[in-house]
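The chain contents come next:
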Amino acid sequence: MSNIQVQSTTASETSTTPTVALKLEVAVLPVADVGRAKRFYGDLGWRLDADFLRKDGSRAVQFTPPGSPCSIHLGETSSLFLVVSDIEMAHAELAKRGVEVSEIFHRGEGPGRVSGPDPERRSYASLASFSDPDGNVWLLQEVTARLPGRVDANVTSFTSSTELAAALRRAAEAHGEHEKRTGGQRDENWPDWYAEYMVREQAGEELPL
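Owing to the predicted nature of the structure, the values given are computational and were not obtained by experimental measurement. (Residues numbered from 1 in each chain as written. Predicted model: local features only at pLDDT ≥ 70, side-chain atom pairs only at ≥ 80, totals over all residues. Heavy atoms only, no water.)

A.B. asks: Would you mind going over the side chain of E142 in detail, with residue names and values included?
C.D. replies: Considering the arrangement of structural elements, one finds E142 in strand β9 (residues 137-142). Only 3.0 Å separates the side chain of E142 from the backbone nitrogen of I87, close enough to count as a polar contact. Residues within four places of E142 in sequence aside, it is in contact with V84, S85, D86, I87, R121, S123, Y124, A125 and S126. (Helix = DSSP H or I, 4+ residues; strand = E, 2+ residues; numbered from the N terminus. Polar contact = N/O pair within 3.5 Å; in protein donor to acceptor, adjacent residues only side chain to side chain. Contact = heavy atoms within 4.5 Å.)

Here you go:
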């Protein structure tokens, strides 16, 4: 293949680049004994991000290797998590590309799935899934505010204009409530307030009042 052909193919592929960021952040590893696996990865020095029981009774255990942007969940079946800032937009784009993607769902009080996004649109709660031709399972998960410790507090980044715009909208809504509590006066330092809010939100830290 000539250099011209390579450049032509690359340009064609670039023109079909998705507009929604799909960030590979979690790989689910099937394990026979969660406790034993937790000890193993803990002994490796990997950071323990979470260990709790979900509403459906299943146990969620997450580790992150040192310096890695991707974490692992210890579970029963293998799957990969793609984190998105707007699950409805991501779902629509996959469907437009001919992917057989499930309906958007959230976890209810029991073991089953509940149709539709999380009613309160809580971070980490709204999901959708699809499989490739070989049966590999991918899960979309909407994340708008990070749990503490998941992101380096010294690094703030947005991978798309859509993600940045969503963060700005959340900051604007929170700032509106802030101005109400300060007597309705216009906050001349709103850029600083926005910046602090967005950095803290992404790092999973306590948000400004």
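Now, onward.
A.B. asks: Describe the packing of aromatic side chains, naming the residues involved and giving the relevant values.
C.D. replies: Applying the stated rule across the entire model yields six aromatic pairs. Relative to F63, the ring of Y41 has its centre 6.1 Å away and its plane inclined at 40°; by these criteria the two rings are tilted. In this pair, Y41 sits in helix α2 (residues 34-43) while F63 sits in strand β3 (residues 59-64), placing the two residues 22 residues apart along the sequence. When the centroid spacing of 5.0 Å and the interplanar angle of 70° are considered together, the rings of W190 and Y194 count as edge-to-face. With W190 and Y194 both in helix α5 (residues 190-203) and four residues apart, the pair spans about one turn of that helix. According to the relative accessible area criterion, Y194 is buried, its value standing at 17%. By the ring-pair criterion, three or more aromatic residues cluster together here, those being F40, Y41, W46 and F63. Over the aromatic face of F105 sits the side chain of R113, whose NZ or CZ is 3.9 Å from the ring centroid. (Phe/Tyr/Trp six-rings, centres within 6.5 Å; stacked < 30°, edge-to-face > 60°. Buried < 20%, exposed > 50% of the residue type's maximum accessible area, 1.4 Å probe, protein only. Lys NZ or Arg CZ within 6 Å of the ring centre and 35° of its normal.)

A.B. asks: Describe the pattern of salt bridges, and please don't skip the residues or the numbers.
C.D. replies: The full count for this structure, using the stated rule, is nine salt bridges. As a salt-bridge pair, R47 and D49 come within 2.5 Å of each other at their nearest N and O atoms. By relative accessible area, R47 is classed as partly exposed at 37%. Residue D49 is classed as partly exposed on the basis of its relative accessible area of 23%. Ionic pairing is found between D118 and R122, a salt bridge with its closest N-O pair at 2.6 Å. Within the structure, one salt-bridge network assembled from shared partners comprises K38, D51 and R59. (Salt bridge = Lys/Arg side-chain N within 4 Å of Asp/Glu carboxyl O.)

A.B. asks: Provide a residue-level description of α2, including the pertinent values.
C.D. replies: G35, A37 and Y41 are the residues of α2 that are buried. In an axial view of α2, the angular spread of the buried residues amounts to 160°, which keeps them on one side of the axis. In α2, the exposed positions angled more than 90 degrees off the buried face are occupied by R36, R39, F40 and D43. Close packing links the buried residues of α2 with β1 (23-30), β3 and β4 (71-75). Between a side-chain oxygen at the N-terminus of α2 and the backbone nitrogen of G35 the separation is 3.0 Å; the capping residue is D33. (Arc of directions from axis to C-beta.)

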